[in-house]
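A closer look at the structure
Listed below are the residues making up each chain.
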Amino acid sequence: MTDRVFRWLMPALLLGAACSNPPAGRQAAGSIPDSTVLRQGKEAASAVFAALSGRLQQSLQAEGAAGAIRYCNLAALPLTDSIAAQYGCAVRRTSLRVRNPLNAPDSSERAQLERYALQLRDSLPLAPAVARLPGGEVRWYGPIFTADLCLKCHGQPGSTLLPEVPPLLSELYPEDRAAGYQAGEWRGMWSIAFSRQP
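One structure accompanies this document, and this report is about it. (Residues numbered from 1 in each chain as written. Predicted model: local features only at pLDDT ≥ 70, side-chain atom pairs only at ≥ 80, totals over all residues. Heavy atoms only, no water.)

So, on to the sheet that holds strand β1 (residues 90–94). Spatially, 4 strands are ordered β1-β4-β3-β2 in an open sheet, and the strand pairing comes out antiparallel. Pairing within the sheet leaves two strands with one partner each, and these edge strands are β1 and β2 (129–132). Along the sheet, successive strands turn relative to each other by an average axial angle of 25 degrees, direction set aside. Here 8 bridges tie strand β3 (residues 138–145) to strand β4 (residues 186–194), and the two strands are oriented antiparallel to one another. Paired with Trp 140 across the strands is Ile 192, a residue of β4. In this fold helix α2 (residues 34–87) packs onto β1, β2, β3 and β4, with an angle of close to 130 degrees to the strand it touches most, β4. (Pairing = 2+ DSSP bridges. Helix = DSSP H or I, 4+ residues; strand = E, 2+ residues; numbered from the N terminus. Axes fitted to C-alpha atoms, helices over the stretch in contact; angles between N-to-C directions. Contact = heavy atoms within 4.5 Å.)

Consecutive side chains of a regular strand alternate in pointing toward one face of the sheet and then the other. Pairing of β2 with β3, which is carried by 4 bridges, proceeds in the antiparallel orientation. Bridge assignment links Ala 129 to a residue of β3, and that residue is Tyr 141. Following β2, the chain reverses through 5 residues before pairing antiparallel with β3; Gly 135 in that reversal takes a positive phi of roughly 95 degrees.

A few words now on the nonpolar core. Counting 33 residues, the largest nonpolar core has Cys 89, Trp 190 and Ile 192 as the members making the most contacts within it. For this core, the elements supplying multiple residues, two or more each, are α2, β3, α5 (165–172) and β4. With 17 residues, the top contributor of residues to this core is α2. With 8 residues, the next largest nonpolar core counts Tyr 116, Leu 126, Ala 131 and Trp 186 among its residues. (Core = buried A, V, L, I, M, F, W, Y, C linked by side-chain atoms within 4.5 Å. Buried < 20%, exposed > 50% of the residue type's maximum accessible area, 1.4 Å probe, protein only.)

And the structure:
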């Protein structure tokens, strides 16, 4: 067990031992407290976002939007996995409109995405959430909004989406549904999975 994982799990184990009568389905003995999941999830998502956006900016400057899309196609998932390993979790980005079929939501992710969609419909703010799955997996879900940088590859055709992008998307992602966004628009969510086991 690494020191990082041990330091992360120890508060959960102590809190689980101290709670003799936890609410049903929440913080049962030995589980990870919601507060820890919320903190660790945010940290992991921020680290992945910083690394990924930095690499994409470099690719955009060096090779334009086509280079950024090729970078995403080849290196985004390995980069995400390498950073996630440092945090002892698994990191995914998913949406109701995915570009890469590998990012399609599972049933729990889809349920949270649909909750976010309903909250937006009702003009409610989107906040991170904790999900507890059968088998002990705990997930942090956090909304993703479209930044200006994203519009070069995810923006409106004929406007913010750069002209060289659609042909390349057709080649690399023939089932792409992740274009047509505007700045600040909700685009999907982070899905960060923690195991009860180190």
